[in-house]
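# Report on the structure
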Amino acid sequence: MKLVYPAVFSQNENTGFTITFPDLPGAVTSGNDIAEAIEMAIDCASGWVLDELEDGKIIPKPTPLNEIILDDEKNFVNLIVVDLDTYAEKYGNKAVRKNCTIPAWLNTISEKENINYSSVLQEALIKKLKLN
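Residues numbered from 1 in each chain as written. Predicted model: local features only at pLDDT ≥ 70, side-chain atom pairs only at ≥ 80, totals over all residues. Heavy atoms only, no water.

What follows concerns the side chain of glutamate 52. Locating glutamate 52 in the fold gives a position in helix α1 (residues 34-54). Here glutamate 52 occupies a buried position and makes no salt bridge, while the nearest side chain of opposite charge, lysine 57, is found at 4.1 Å. With residues up to four places along the chain from it excluded, the contact list for glutamate 52 reads Lys57 and Ile59. (Helix = DSSP H or I, 4+ residues; strand = E, 2+ residues; numbered from the N terminus. Buried < 20%, exposed > 50% of the residue type's maximum accessible area, 1.4 Å probe, protein only. Lys, Arg positive; Asp, Glu negative; His and termini not counted. Salt bridge = Lys/Arg side-chain N within 4 Å of Asp/Glu carboxyl O. Contact = heavy atoms within 4.5 Å.)

Attention now goes to the nonpolar core. In a soluble, globular protein the nonpolar side chains are often hidden away together inside. In this structure, Tyr5, Phe9, Ile19, Phe21, Leu24, Val49 and Ile80 are the most contacted members of the largest nonpolar core, which totals 21 residues. Only β1 (2-11), β2 (17-20), α1, β4 (76-83) and α2 (84-91) provide two or more residues apiece to this core. Per-element tally for this core: the top contributor is α1, with seven residues. Residue contacts for isoleucine 80: discarding those within four places in its chain leaves Leu3, Val4, Tyr5, Ala7, Phe9, Phe21, Ile38, Ala41, Ile42 and Ala45. (Core = buried A, V, L, I, M, F, W, Y, C linked by side-chain atoms within 4.5 Å.)

The angle between the axes and the distance between the axes are what describe a pair of packed helices. α2 packs onto α1 with a crossing angle of 75° between their chain directions and a minimal axis gap of 10 Å. The orientation of α1 relative to α2 falls into the category roughly perpendicular. Residues Asp43, Ser46, Gly47, Val49, Leu50 and Leu53 of α1 form the contact with α2, whose own contacting residues are Leu84, Tyr87, Ala88 and Tyr91. For the contact of α1 with α2, the class distribution of residues is seven nonpolar, two polar and one charged. (Axes fitted to C-alpha atoms, helices over the stretch in contact; angles between N-to-C directions. Parallel < 35°, antiparallel > 145°, perpendicular 65-115°, else oblique. Nonpolar A, V, L, I, M, F, W, Y, C, P; charged D, E, K, R; others polar.)

On to the sheet that holds strand β3 (residues 28-31), then. As summarised here, the arrangement of the four strands in space is β3-β2-β1-β4, forming an open sheet in which the pairing is antiparallel. Each edge of the sheet is formed by a strand with only one pairing partner; in this case those strands are β3 and β4. The sheet shows a mean angle of 35° between the axes of neighbouring strands, direction not considered. Sitting on the sheet, α1 is in contact with β1, β2, β3 and β4, with an inclination near 55° to β4. (Pairing = 2+ DSSP bridges.)

So, about a negative patch on the surface. A surface patch of like charges, here negative, comprises Asp33, Glu36, Glu39 and Asp43. The residue glutamate 36 is located in helix α1 in this model. For glutamate 36, a relative accessible area of 31% puts it in the partly exposed group. (Patch = residues over 30% accessible without salt bridge, like charges linked within 9 Å, V, L, I, M, F, W, Y side chains within 5 Å. Areas by Shrake-Rupley, 256 points an atom, 1.4 Å probe, with all protein chains shown as cover. Charge placed at Lys NZ, Arg CZ, Asp CG, Glu CD.)

This part covers helix α4 (residues 117-128). A rise of 1.5 Å per residue sets the reference length of α4, with its twelve residues, at 16 Å; its end C-alpha atoms lie 16 Å apart and thus fit the reference within 8%. Near the N-terminus of α4, the side chain that reaches the backbone nitrogen of serine 118, with its oxygen 3.0 Å away, is that of asparagine 116. Where α4 terminates, the next one or two residues include lysine 130, which has phi positive at roughly 55°. (Expected span 1.5 Å × (residues − 1). Polar contact = N/O pair within 3.5 Å; in protein donor to acceptor, adjacent residues only side chain to side chain.)

Moving on, we come to the environment of threonine 18. Relative to the helices and strands, threonine 18 is located in strand β2. Threonine 18 sits in the partly exposed class, given a relative accessible area of 26%. Between the alpha carbons of threonine 18 and glutamate 54 there is a distance of 26 Å; along the sequence they are 36 residues apart. When residues no more than four places from it in sequence are discounted, the contact partners of threonine 18 are Val8, Phe9, Ser10, Asn12, Val28, Thr29 and Ser30.

On the surface, a cluster of nonpolar side chains totalling about 630 Å² of accessible area is made up of Ile102, Trp105, Leu106, Ile109, Ile115, Tyr117 and Val120. Among the elements of the structure, α3 (104-112) and α4 are those that each provide at least two residues to the nonpolar patch. Among the elements that line the nonpolar patch, the one with the most residues is α3, at three residues. Turning to its location among the elements, leucine 106 is positioned in helix α3. Classification of leucine 106 as partly exposed rests on a relative accessible area of 33%.

Below you can see the structure in the form of structure tokens.
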């Protein structure tokens, strides 16, 4: 699942940037130059969204760009892409146990084929929910 959030970049007095997110309360990061700032913004937003989802919370919708008001003419808005699947694969660590029931004959065949039930269920849910 890919999400896009606006990030507000504020240039620091000497060098570098501080980045905040209008839609992600408390998410703040910084970078010494624009490339590092963008990289840090992606990591910060990704971590914030993953934490919310792992805690069972609903993630906010992004604010339209034309509704973001900047308090300083030096500030600017940049869109940040959150690739949640990639980030969660690398950093996600919370799992939820779900029990399900399947026919005995299907279980027998699946076990003979060494099917990983968790992987199959995850793939099916992602496809069903159109998250990829």
